There are 2 protein chains.
Amino acid sequence: MRVCIVGCGAVGSLFAANLAQLDDVEVWAYDVSVDHVAAINERGLRLSGAGDVVGHLRATADAAELPRCDYGIVATKAMHTAAAIESTAQAFSAGAVASVQNGVGNEEAIAGYVERVIRGTTFPAGRIVAPGHVQWDVKGETTIGPFELKPAAMGEIERLADACTRAGLPTNAVPDARGAQWRKVIFNAATNPVGALTGLTHGQVCEDSALRRLVSALVDEGKAVCAAQAIELDADPEALIDHAARRDVAYGHKASMLQDVEARRPTEVDWLNGGIVRFGREHGVATPRNEMLAALVKGLERSWTS
Amino acid sequence: MRVCIVGCGAVGSLFAANLAQLDDVEVWAYDVSVDHVAAINERGLRLSGAGDVVGHLRATADAAELPRCDYGIVATKAMHTAAAIESTAQAFSAGAVASVQNGVGNEEAIAGYVERVIRGTTFPAGRIVAPGHVQWDVKGETTIGPFELKPAAMGEIERLADACTRAGLPTNAVPDARGAQWRKVIFNAATNPVGALTGLTHGQVCEDSALRRLVSALVDEGKAVCAAQAIELDADPEALIDHAARRDVAYGHKASMLQDVEARRPTEVDWLNGGIVRFGREHGVATPRNEMLAALVKGLERSWTS
C-alpha cells in the first residue's frame, strides 16, 4: 500500500518514519518546510527518544509530485488542515484519508475535499529538534474509525490500523471513534492551555493541587458536552491526566501548545477549548472555564503582534 | 508634619516626591533598594510623565535612622507589608499609618504593629525607570478612612488627606473606605492577571470582546463578595475598566502584575484574586473564575523556579 503523511511535523514524522520500516508500505510525506523535506530526502527521517528509528521515504513540498495514494494521514496543526488537504486531495481521489490531529473539526475540513474519511486520534507525541530529526517523547495508542458523514469502509480502516500496529504504533480500528477522540480533546483542552499560560510541563501542572482542580473542572465541562451529544467516552480523561503526570511517563513533556507559545506560533486553542465551547453552545451546555482559557490564549497570541 | 513613605517603589515615589513639594511637610522614605535610596539622597526623587516633579527628601534603607513620624504611608507590594511595618513600627509609636497598597489584608498586617491604622486605596500608577526616577503613567484619586479594628481619628485622617491633596494627589477622607478599596481590588483582580497572563496592556485587554466578557464575569464575582459583606461600592468597577481602556488615559499602561511577570517577580495575586476567593469563602460566595486566575498566575510564578 502507498501512504502519504500530510504534514510531517512531530506527530506526522512518527507515522512516516515508523511506517517506512514496513516492506509492504511505500511512504510519502508532504510538508511545507523545505529544510525538513530536504533533510528527509538526503539522510532519512530520524526518530530518537522513546524509539530510535531512521525511516527512508520520499518527502516533498510540492503536492503535484505526489502519486495516487491508498491512504492519507493528515497530521498538520488544525488551522492548516483545509489548506493542506486542498493542495493534496488529487493524490487521494481513490484513497481514504485519516486525521490523527488535535481537536475537533478536522474530519469535517478533510471531507470538503475527499470522499472517504477516517476519524482518528493519536497519543504519541514529540517535537522536531532539527530538520529531519524528531524527538519521540511519548508512546501511546491510536484509534481510527469511519467519519460519520463521509465514511471510509471498515475493511480499509482495519488495513491501515494493521499497518500502523505492525510498524510499532499500536492502532485500533473501531466503528465509532468519537469516544476516543473526545477523550483526547478533553484531556488536551484541560491541560495544554494551562501549560501554555503558565509555562509548566504536564507533570508540573498536574501535581499542583490548585491547577489540578482547575484541570478537573475543565474535564467536567467537556464530559457534559459529550453527554449532550450521546458520545460515550472510551475511558475517563482523568486517567490520562494521572498518567501524564507520572514522573516516568510524560512529566517533563511540554504540551504542543506550550511549544507553540514559546515559538510564538498560533495555537490550536480554537479547535480544543474553542471546539468544546462551540459544541457546547450547539447542545445547550455551559462551558465558562473553557471559554475563559480560550480567550486568555487568544489574548496571548494577540500580544505578539500588537 | 513628618511623613514616612514605607516602600518607595512606583506608587510610594508618587507620594514621596509630591508631598516633598509642601513647605509644611517633612518627607522621609524607607526602601530596601540601596541604589534607589542613594539616588534619591544625591539627586532628589524625579517624576516624569503625567507630572514632572523633583522631590527633595531623606531616604534610607536602615529603619533605625527614621525619626518619629506623624504619619506612615505604606506602599510596598502586599507580600512585603508585614516585614516592612515590623522594621519601621518604632517610627510610628505616636503616629497613624495608612496603606495605599493593592489588595485586601494590608491593614490587618499593619495593625499587628501599629495602634492607629488608616485604610486606603489609591489610583495613581507608574513604574520605576531608573534609581531615583519614576515614570508617572496614570493620575487618579486616593481615598482614606479609619481601619475598623484599630481606627485612626477622623481628624488626623483629614489632615493627611488635605496634605496629599495640596501636594497634587487629590485625596478624600471618608468614614468607610471599604467601598473605594474593594472597587479597586475588584478592578485590579479582574484586569491585572488577564494582562499578566496574556502580555496585553489594560486597553488591549478591554477592547478584546472575549477578554472583556471574562473581565466582567470576574467583576461580578467580586461584587457578590462585597454584597455578602454589606460593603457598598462607591462606584461601579466597570466604569474604571471603561476608563482604563480609553486611548487617552491608560491604554498602553502595563498592569503592575504584568510588570512583575516580565521581571519574574512574585505577584500580588494572593491579595487580589486570592483575597476575593478568601473573603468569598468566608461569606459563602462562589468565585470560580477568580480561583482559576489565581491558580494560573501562581503556576506561572512557579515555572520560573522549577
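Since we're looking at a predicted model, the values are computed, not measured.

K.L.:
How would you summarise the packing of helix H6 (residues 178–198) of chain A against helix H9 (residues 237–244) of chain A if you had to cite specific residues and measurements?
P.N.:
All names here are of chain A. It is at 9 Å that the axes of H6 and H9 come closest, and there the two elements cross at 55°. The pairing of H6 with H9 is recorded here as oblique in orientation. Considering the relative orientation of H6 and H9, their crossing is right-handed. Facing Arg183, Ile186, Phe187 and Thr191 of H6, the residues of H9 in contact are Pro237, Leu240, Ile241 and Ala244. Each residue belonging to the contact of H6 with H9 can be placed in one class, and the counts come to six nonpolar, one polar and one charged.

K.L.:
Any chance you could break down the interface of chain B and chain A for me, citing the residues and the numbers?
P.N.:
Every contact between the two is made by 24 residues of chain B and, on the other side, 24 residues of chain A. Summed over both partners, the interface of chain B with chain A comes to about 2,100 Å²; 64% of that surface belongs to carbon and sulfur atoms. The largest contributions to the chain B side of the interface with chain A come from Met292, Leu296 and Arg302 of chain B, which together make up 30% of the buried area. Viewed at the interface, chain A and chain B are joined by six salt bridges. Summed over the shared surface of chain B and chain A, the number is six residue pairs in polar contact (both at pLDDT 80 or more). Those elements that provide at least two residues to the side of chain B that touches chain A are helix H6 (178–198), helix H7 (202–207), helix H8 (209–228) and helix H12 (288–303) of chain B. Top contributing element to the side of chain B that touches chain A by residue count: H12 of chain B, with 11 residues.

K.L.:
Talk me through unusual backbone geometry; I want residue IDs and the actual numbers.
P.N.:
Peptide bonds are trans in most cases, and residues, glycine excluded, mostly fall at negative phi. With a phi close to 60°, Ala230 of chain A is a non-glycine residue in the positive phi region. Locating Ala230 of chain A in the fold gives a position in the loop between helix H8 (209–228) and H9. Since its relative accessible area comes to 63%, Ala230 of chain A is described here as exposed. Unlike most non-glycine residues, Arg264 of chain B shows phi in positive territory, near 55°. Tracing the sequence through the fold places Arg264 of chain B in the loop between helix H10 (256–262) and helix H11 (273–282).

K.L.:
Tell me about the relation of the copies chain B and chain A, and please be specific about residues and values.
P.N.:
Here chain B sits on chain A after a turn of 180° about the axis and a move of 0.0 Å along it, with an RMSD of 0.0 Å. Taken together, these values place the two copies in the relation of a two-fold axis. Scanning chain B for the C-alpha nearest the rotation axis identifies Leu197 of chain B, at a separation of 3.1 Å. Looking at the interface residues of chain B, 100% of them are also at the interface in chain A, so both copies use one shared face.

K.L.:
Kindly report on the state of the cysteines, identifying the contributing residues and their values.
P.N.:
Residues and elements named next belong to chain A. Considering all chains together, one arrives at zero disulfides over all chains under this definition. Cys8 takes part in no disulfide bond, and the closest cysteine sulfur, belonging to Cys4, lies 9.0 Å away. Accessibility expressed as a relative area gives 1% for Cys8, which makes it buried. There is no disulfide at Cys206, and the cysteine sulfur nearest it, in Cys226, is 19 Å away. Judged by its relative accessible area of 8%, Cys206 falls in the buried class.

K.L.:
Can you tell me about the sheet that holds strand E1 (residues 2–6) of chain A, naming the residues and giving the values?
P.N.:
Residues and elements named next belong to chain A. The strand order across the open sheet formed by eight strands is E5-E2-E1-E6-E7-E8-E11-E12, and the pairing between neighbours is mixed. Where the open sheet ends on each side, the last strands, each with one partner, are strand E5 (58–60) and strand E12 (171–173). Recorded for the sheet is a direction-independent mean angle of 20° between the axes of neighbouring strands. The sheet strands contacting helix H5 (residues 154–166) are strand E6 (71–74), strand E7 (96–99), strand E8 (116–122), strand E11 (142–146) and E12, and the helix crosses E12 at an angle near 170°.

K.L.:
Run through the pattern of salt bridges, naming residues and quoting values.
P.N.:
Residues and elements named next belong to chain A. If you walk through the whole model with that rule in mind, you get 50 salt bridges over all chains. Here Arg289 makes a salt bridge to Glu221, at a shortest N to O gap of 3.7 Å. In this pair, Arg289 sits in helix H12 (residues 288–303) while Glu221 sits in helix H8, placing the two residues 68 residues apart along the sequence. Overlapping salt bridges bring together Asp24, Asp162 and Arg166 as one network.

K.L.:
Help me get a handle on the domain arrangement of chain A, residues and values and all.
P.N.:
All names here are of chain A. Split by domain assignment, chain A resolves into domain 1 (2–173) and domain 2 (178–303). Computed over C-alpha atoms, the centres of domain 1 and domain 2 are 23 Å apart. Contacts between the two partners involve 20 residues from domain 1, matched on the other side by 22 residues from domain 2. When the two sides are added together, the surface that domain 1 and domain 2 hide from each other amounts to roughly 1,900 Å², 58% of it contributed by carbon and sulfur. When the area that domain 1 buries against domain 2 is broken down by residue, the three leading residues are Asn102, Val104 and Phe123, summing to 34%. Where Lys77 meets Asp260, a salt bridge forms, and the shortest distance between an N and an O atom there is 3.2 Å. Linking domain 1 to domain 2 there are 10 residue pairs in polar contact (both at pLDDT 80 or more). Of all the secondary structure elements, the ones that give two or more residues to the side of domain 1 that touches domain 2 are E8, strand E9 (125–130) and strand E10 (133–138). For the side of domain 1 that touches domain 2, the leading source of residues is E8, giving four residues. A per-class count over the side of domain 1 that touches domain 2 returns six nonpolar, eight polar and six charged.

K.L.:
Please provide a residue-by-residue account of the packing of aromatic side chains, values included.
P.N.:
Applying the stated rule across the entire model yields two aromatic pairs over all chains. Both rings, one in Trp182 of chain A and one in Phe279 of chain A, keep their centres 5.3 Å apart while their planes meet at 90°; by these two values the pair is edge-to-face. Of the two residues, Trp182 of chain A sits in helix H6 while Phe279 of chain A sits in helix H11 (residues 273–282), which places them 97 residues apart along the sequence. Of note, Lys139 of chain B hangs over the ring of Trp136 of chain B, and the distance from its end group to the ring centre comes to 5.1 Å. Taking the ring centre of Phe123 of chain B as reference, the NZ or CZ of Lys184 of chain B above it sits at 5.6 Å.

The rules we used
Residues numbered from 1 in each chain as written. Chains lettered and ligands numbered in written order. Predicted model: local features only at pLDDT ≥ 70, side-chain atom pairs only at ≥ 80, totals over all residues. Heavy atoms only, no water. Axes fitted to C-alpha atoms, helices over the stretch in contact; angles between N-to-C directions. Helix = DSSP H or I, 4+ residues; strand = E, 2+ residues; numbered from the N terminus. Parallel < 35°, antiparallel > 145°, perpendicular 65-115°, else oblique. Left-handed = near helix turned anticlockwise from the far one by under 90°. Contact = heavy atoms within 4.5 Å. Nonpolar A, V, L, I, M, F, W, Y, C, P; charged D, E, K, R; others polar. Buried area = accessible area lost by both parts, 1.4 Å probe. Salt bridge = Lys/Arg side-chain N within 4 Å of Asp/Glu carboxyl O. Polar contact = N/O pair within 3.5 Å; in protein donor to acceptor, adjacent residues only side chain to side chain. Buried < 20%, exposed > 50% of the residue type's maximum accessible area, 1.4 Å probe, protein only. Least-squares fit on C-alpha atoms with pLDDT ≥ 70 in both. Disulfide = S-S within 2.5 Å. Pairing = 2+ DSSP bridges. Domains from an automatic or database assignment. Phe/Tyr/Trp six-rings, centres within 6.5 Å; stacked < 30°, edge-to-face > 60°. Lys NZ or Arg CZ within 6 Å of the ring centre and 35° of its normal.

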